[in-house]
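# Results of the structural survey
For reference, the chains in residue letters:
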Amino acid sequence: MLIRRSLTRLVLPVVALIVLAALPACSPPPPAAGVSTASTTVAIIPVPPELTAALAAYRAGGPKGWAFTQTTSGPKKNLVERFDPRMRGPERWTLLSKDGATPSEDDYRSYRQTSAAKADADTASSVRDQLNLATCTLFASDERTSTYHFALNPASKEDTAAPHMRAAFTLDRPTGAIVRVELFNFEPLSPVLSLKIDEARTVMSYTVPADGRPSLLSEISMKLRGRRLWVRPFNEDMTMRYTDQVDASARAAAPVP
């Protein structure tokens, strides 16, 4: 589906399509002359130094070298998988359950074929590189976090979604970590003539660094709403949760001097 290819340039390849709803509960600043969105007009500001530093360190999938369990829930896909970076190639991924049951031999066989094609690529840079830094606005702020909005530059000539999208990055000021990234459309878009997308939203949530642990990816949620052939409505939702995260890197195994 073409819309999937357009939208997934903006998020992790393993994600494909999703959306949550709602930014963190905090009070938006008063409207001012600047960038206009669907409902408000806010002032453009220079990118704050603390946000520049956070964006430079941000990695969409979290820090490398961490093992985790990924639980995917959706109307067409319910899987529990384990990722271990100490293994090589497709062996890094293990299927633990499918649709709430122990996988069959056919399930394992099919999974091994698909896991071989899984890329361990970090697409954080593609998200960062698409940010139009000249459109930075402070959308919301509270006693701990600040949420900034950006317009997006197209990833390529074929990227028809970006001009209709915005990115929101929520900075946890005490730790300097990005704790939430949201990609959403602010107006309907039609990637192809027979398809209209009314809502496309992806939210990536991260833990706050604490007790010697870095900020880790905790959930990705996606939502897609629209119409095919102008009249046939469709809804697609998916959520991926990340648990049992363990530092499996060489630094974790190194003896303490």
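Enumeration over the complete set of coordinates arrives at 10 salt bridges. A salt bridge links R241 to E219, with the nearest nitrogen and oxygen atoms 3.0 Å apart. Taken together, the residues R241 in strand β13 (residues 232-247) and E219 in strand β12 (residues 217-228) connect sequence positions 22 residues apart.

The subject of this paragraph is the environment of D172. Positionally, D172 belongs in strand β8 (residues 165-172). It is 4.7 Å that separates the C-alpha atoms of D172 and T145, two residues lying 27 residues apart in sequence. Here D172 is in contact with R144, T145, A177, V179 and V208, once residues within four sequence places are set aside. Here the side chain of D172 touches T175 through a polar contact of 2.5 Å, side chain to side chain.

Next up on the list: unusual backbone geometry. Despite not being glycine, D99 has its phi angle at roughly 55°, a positive value. With respect to the helices and strands, D99 occurs in the loop between β5 (93-98) and α3 (105-115). In this structure D99 comes out as exposed when scored by relative accessible area, which is 53%. A positive phi angle, near 50°, is found at D244, a position not held by glycine. Looking at the element boundaries, D244 is found in strand β13. Given the relative accessible area of 53%, D244 is considered exposed.

So, on to the pairing of strand β9 (residues 177-185). The element β9 is largely enclosed, with a buried count of 9 among its 9 residues. Bridging between β8 and β9 involves 8 bridges; their strand directions are antiparallel. When the sheet's bridge partners are listed, F169 is paired in β9 with V181. Counting the residues in the hairpin turn of β8 and β9 gives 4 residues, including G176, whose phi is positive at 75°.

L51, A54 and L55 are the residues of helix α2 (residues 49-57) that are buried. The arc that holds the buried residues of α2, viewed along the axis, is 100°, so those residues lie on one side. Turned more than 90 degrees off the buried face of α2, the exposed positions are P49, A56 and A57.

Turning our attention to the packing of aromatic side chains. Two measures describe an aromatic ring pair: the distance that separates the ring centres and the angle between the ring planes. In the structure shown here, the tally under the stated rule is 7 aromatic pairs. With a centroid separation of 5.8 Å and an interplanar angle of 85°, the aromatic rings of Y58 and F169 are classed as edge-to-face. Pair noted here: Y58 is in the loop between α2 and β3 (66-73) and F169 is in strand β8, with a separation of 111 residues, a long-range link. For F169, a relative accessible area of 0% gives the class buried. Taking 5.9 Å as the distance between ring centres and 75° as the angle between the ring planes, the aromatic pair formed by F68 and W93 counts as edge-to-face. With F68 in strand β3 and W93 in strand β5, this pair connects stretches of sequence that are 25 residues apart. Judged by its relative accessible area of 14%, W93 falls in the buried class. These aromatic residues form a ring-pair network of at least three members: Y58, F150, F169 and Y206. Geometry around F186 places R166 over its ring, the cationic atom sitting 4.0 Å from the centre. The positively charged end of R228 is found above the aromatic ring belonging to F234, 4.4 Å away from the centroid.

What counts as what
Residues numbered from 1 in each chain as written. Predicted model: local features only at pLDDT ≥ 70, side-chain atom pairs only at ≥ 80, totals over all residues. Heavy atoms only, no water. Salt bridge = Lys/Arg side-chain N within 4 Å of Asp/Glu carboxyl O. Helix = DSSP H or I, 4+ residues; strand = E, 2+ residues; numbered from the N terminus. Contact = heavy atoms within 4.5 Å. Polar contact = N/O pair within 3.5 Å; in protein donor to acceptor, adjacent residues only side chain to side chain. Buried < 20%, exposed > 50% of the residue type's maximum accessible area, 1.4 Å probe, protein only. Pairing = 2+ DSSP bridges. Arc of directions from axis to C-beta. Phe/Tyr/Trp six-rings, centres within 6.5 Å; stacked < 30°, edge-to-face > 60°. Lys NZ or Arg CZ within 6 Å of the ring centre and 35° of its normal.

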